[in-house]
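Given next are the chains, with one letter for each unit.
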Amino acid sequence: MIDSFAIETRGLTRRFGSRTAVDSIELCVPRGVIYGFLGPNGAGKTTTIRLLLGLLHADCGSILLNGQFLTKERREVLRDIGALVETPSLYPHLTGQENLEVTRRILNLPRSRIADTLALFGLTADAHRPVRNYSLGMRQRLGLALAWLGHPGLMILDEPANGLDPSGMRELRDHLRQLAHERHVTVFLSSHVLNEVEQIADWIGIIHHGRLLFQGRLEELQRYQSPLKLATDRSSNAAAVLEAQGWRVLENFDGAVTVEVPSDTDAALINRCLLEHGIPVYRLERRPESLEELFLRLVSSGGPGGTQ
Amino acid sequence: MNDLWRVASAEALKLKRTLALRLAIGAPMIIVLLVFGIYLQRGGPMAGANPLTGYAQLILTIWTIIVLPLYAALAAALLSSIEHQNESWKHLLALPVRRATYFVAKWIAGTGLLFLSSLVLVTGVLATDAILRVVISIWSSSSLPVAMIFRGAALSFCAAGLLFSIQMWISLRWRSFLPGIVVAVIALALMFIAIPRGAAFFGSLFPWSLPAMAMAPVNPYRPIAVGLGLMGGAAVGAIACWMLSRREFC
């Protein structure tokens, strides 16, 4: 159902000369979630976001925002979208309040919206200071405030945590959680700061070399990829047996073997296989992996089902 | 139309505390004060039957030949750099407004600045004229050619439309400040070198000399200069807005 997605792309492709920056991407962002769009620098995140906002034109494929096709002529589709692309687009010679006023006038919003938005992002006290005197964190908050000014149902944020210190990141996280959970806004957020995304996102998409390697719930990704760690007193023998049976041994260290397993049924198979070879297994557990480890492994293997 | 009105009103707000706005007032004021200072220093009538006519003509000549074309180039570059420098296009163009609206609004803002500068010039001439009459008593009976001043300022403002549109197009097309300024300097150099040696007709076709041609009281090609400035400016502006709205700004 088209209506169930805030963002949906079909075969979205964009080339720059001979380089394909975004390659047949099929994004499906459900409504009401915080979607972390992950990828290393140059993976195609910003290009994808610029395509979603109509800032760049796709070579092929289509974009649906809230179930409506985005085309050059259909700018109204963007009315329910707030965006922050890389660094906030602010006018440093204007005050924070005036910066919001510029967008308010363009969107024809009520005047009261400015005071409400400044309060929500904790900028009321600094509203009448020129933005050139704002700290990086304040600028980032003002950028978010600009994106939120029209009360959109979907916020598209490109690397919003860029350059923020830990407290700034925490503030940003709190604001995004507040918007998503209290105001039911869908947040599509790109980042290469993996632990940030891990702490906030419900859904994850991983892009590399312009291709979407994974898309789904965070737990799905962790469960899908989390390796199995087994404890035995004959770890070298166990590793040899498992490799001979076709499993990929990631580590064999100090009485513990770590094996890459695609599903939980493999755990039972591994256990039976080792017992059949007379190797005792004392413990079998999935080793919780950080998103960073998962991400690096996915990127190096070319996807959840890929091999190195 | 409502969109255009709203975006133009946002453009007006963006001008607050900008060099473009300060120059719209400062540039004509400097010319007026410079000539005023020269006249004060001389302390008496210069050549000509009516010294105040000469006073007004000198100011208008400096304004239309040098300052107006330069200010138009500078205003275009400064207006565009508000968006280029702050990378604001990615914010503006992601809003639900037709792209061309932003560019038309820029043209309106620039035209407003040129109009303001012409207004300041006329006001400055009128104000300093009053002072000159008081300070230099023998001029008290001279009359300032008010109609000539208004006509000269209005016609040169209209004739500046084409050069402003060209400058605006260049400044919006390229992020750097340089192309617009380089074009303006080369065009002015060409105007000073080539136009005096050629026919006045060709001067009436060269965008950067149109304001001077429109201001000159005895010039059969004045209607061409004014018409070309106005209609050429509108045509170039329309084409530029259409082309810029098709461009990717990121």
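Residues numbered from 1 in each chain as written. Chains lettered and ligands numbered in written order. Predicted model: local features only at pLDDT ≥ 70, side-chain atom pairs only at ≥ 80, totals over all residues.

### Brief notes about the overall build of chain B
- Scanning chain B from N- to C-terminus turns up 11 helices and zero strands.
- Ordered by position in the sequence, the α and β elements of chain B form the string α-α-α-α-α-α-α-α-α-α-α.
- The C-alpha atoms of chain B give a radius of gyration of 19 Å, which matches the 18 Å a tight globule of 250 residues would have.
- Along the longest, intermediate and shortest principal axes, the C-alpha atoms of chain B span 65 × 40 × 30 Å.
- Going through the 250 residues of chain B one by one, you find that 47% of them count as buried. (Helix = DSSP H or I, 4+ residues; strand = E, 2+ residues; numbered from the N terminus. Rg over C-alpha atoms; globule rule 2.2 N^0.38 Å. Buried ≥ 20, exposed ≤ 12 C-beta atoms within 10 Å, placed from the backbone.)

### Description of the overall build of chain A
- Helix and strand content of chain A: 10 helices and 15 strands.
- Here the C-alpha coordinates of chain A stretch approximately 75 × 40 × 35 Å along the principal axes.
- Across the 308 residues in chain A, those meeting the buried criterion constitute 43%.
- A separation threshold of at least 6 residues defines the contact pool for chain A, and within that pool the share at least 24 residues apart is 69%. (Contact = placed C-beta atoms within 7 Å.)

### A closer look at helix α11 (residues 222–246) of chain B
Residue and element names in this part refer to chain B.
- Taking 1.5 Å per residue as the helical rise, α11 with its 25 residues ought to reach 36 Å, and the 36 Å between its terminal C-alpha atoms agrees with that figure.
- Taken as a whole, α11 has its buried residues at Ala 225, Val 226, Leu 228, Gly 229, Gly 233, Gly 237, Ala 240 and Cys 241.
- Tucked inside the fold, the buried residues of α11 contact α5 (99–135), α6 (146–159), α7 (161–173) and α10 (210–215). (Expected span 1.5 Å × (residues − 1).)

### Observations concerning the interface of chain A and chain B
- Facing 27 residues of chain A, the contacting portion of chain B comprises 23 residues.
- Counting residues per element, the ones that place at least two in the side of chain A that touches chain B are β7 (81–85) and α2 (96–107) of chain A.
- Residue contributions to the side of chain A that touches chain B peak at six residues, all from α2(A).
- Here the side of chain A that touches chain B is composed, by residue class, of 14 nonpolar, six polar and seven charged. (Nonpolar A, V, L, I, M, F, W, Y, C, P; charged D, E, K, R; others polar.)

### As for the confidence of the model for chain B
All names here are of chain B.
- For chain B, the average pLDDT comes to 89, and 93% of its residues sit at 70 or higher.
- Looking over chain B, one finds the lowest element-wise mean pLDDT in helix α9 (residues 200–203), namely 69, and the highest in α7, namely 96.
- ipTM for the predicted complex: 0.89, alongside a pTM of 0.84. (pLDDT = per-residue confidence, 0-100.)

### Observations regarding unusual backbone geometry
- Despite not being glycine, A:His184 has its phi angle at roughly 55°, a positive value.
- Tracing the chain through its elements places A:His184 in the loop between α5 (166–182) and β9 (186–191).
- Even without glycine at this site, B:Arg17 takes up a positive phi of about 60°.
- Along the polypeptide, B:Arg17 turns up in the loop between α1 (2–14) and α2 (19–42).
- The class for B:Arg17 is partly exposed, based on 14 C-beta atoms found within 10 Å.

### Remarks on the sheet that holds strand β10 (residues 203–208) of chain A
Residue and element names in this part refer to chain A.
- Across the sheet, which stays open at both edges, the six strands sit in the order β7-β8-β9-β4-β10-β11 with mixed pairing between neighbours. Looking at strand neighbours, the two that pair on one side only are β7 and β11 (211–217), the edges of this open sheet. Strand-to-strand, the axes of this sheet are offset by a mean angle of 10°, without reference to chain direction.
- Bridge count between strand β4 (residues 34–38) and β10: four bridges; the pairing is parallel. Bridge pairing in β10 places Gly 36 opposite Ile 204.
- Along the sheet face, α5 touches β4, β8 (154–158) and β9 and points at about 150° away from the line of β9. (Pairing = 2+ DSSP bridges. Axes fitted to C-alpha atoms, helices over the stretch in contact; angles between N-to-C directions.)

### Some details on the environment of B:Ile166
Residue and element names in this part refer to chain B.
- The residue Ile 166 is located in helix α7 in this model.
- Along the sequence, Ile 166 and Gly 237 sit 71 residues apart, while their C-alpha atoms lie 7.7 Å from each other.
- Here Ile 166 is in contact with Pro 207 and Val 236, once residues within four sequence places are set aside.

### Observations regarding the nonpolar core
- Counting 156 residues, the largest nonpolar core has A:Ala145, A:Ile156, A:Val187, B:Ala72 and B:Ala75 as its most contacted members.
- Among the elements that make up this core, the one with the highest residue count is helix α3 (residues 51–85) of chain B (17 residues).
- Ignoring anything within four residues of it in the chain, the contact list for A:Val187 reads A:Ile34, A:Tyr35, A:Met155, A:Leu157, A:Leu176, A:Leu179 and A:Ala180.
- Judged by nonpolar contacts, the second largest core, of 13 residues, contains A:Leu230, A:Ala238, A:Ala239 and A:Val259. (Core = buried A, V, L, I, M, F, W, Y, C linked by C-beta atoms within 7 Å.)

### Focus on the environment of A:Ile156
Residues and elements named next belong to chain A.
- You can see Ile 156 is positioned in strand β8.
- In the structure, Ile 156 is positioned 71 residues away from Val 85 in sequence and 7.9 Å away in space, judged by C-alpha atoms.
- Not counting residues within four places of it along the chain, the set of residues in contact with Ile 156 comprises Ile 49, Leu 52, Leu 53, Ile 81, Ala 83 and Phe 188.

### So, the packing of α2(B) against α3(B)
Residues and elements named next belong to chain B.
- Two numbers describe how α2 lies on α3: the axes approach to 10 Å, and their chain directions differ by 160°. With respect to their mutual orientation, α2 and α3 come out roughly antiparallel. In the packing of α2 onto α3, the handedness of the crossing is right-handed. Counting all contacts with α2, which are made through Leu 19, Ala 20, Leu 23, Ala 27, Pro 28, Ile 31, Val 32, Val 35 and Tyr 39, the residues of α3 involved are Tyr 55, Leu 58, Ile 59, Ile 62, Trp 63, Val 67, Tyr 71, Leu 74, Ala 75, Leu 78 and Leu 79.
- Looking at side-chain class alone, the contact of α2 with α3 contains 20 nonpolar, no polar and no charged residues. (Parallel < 35°, antiparallel > 145°, perpendicular 65-115°, else oblique. Left-handed = near helix turned anticlockwise from the far one by under 90°.)

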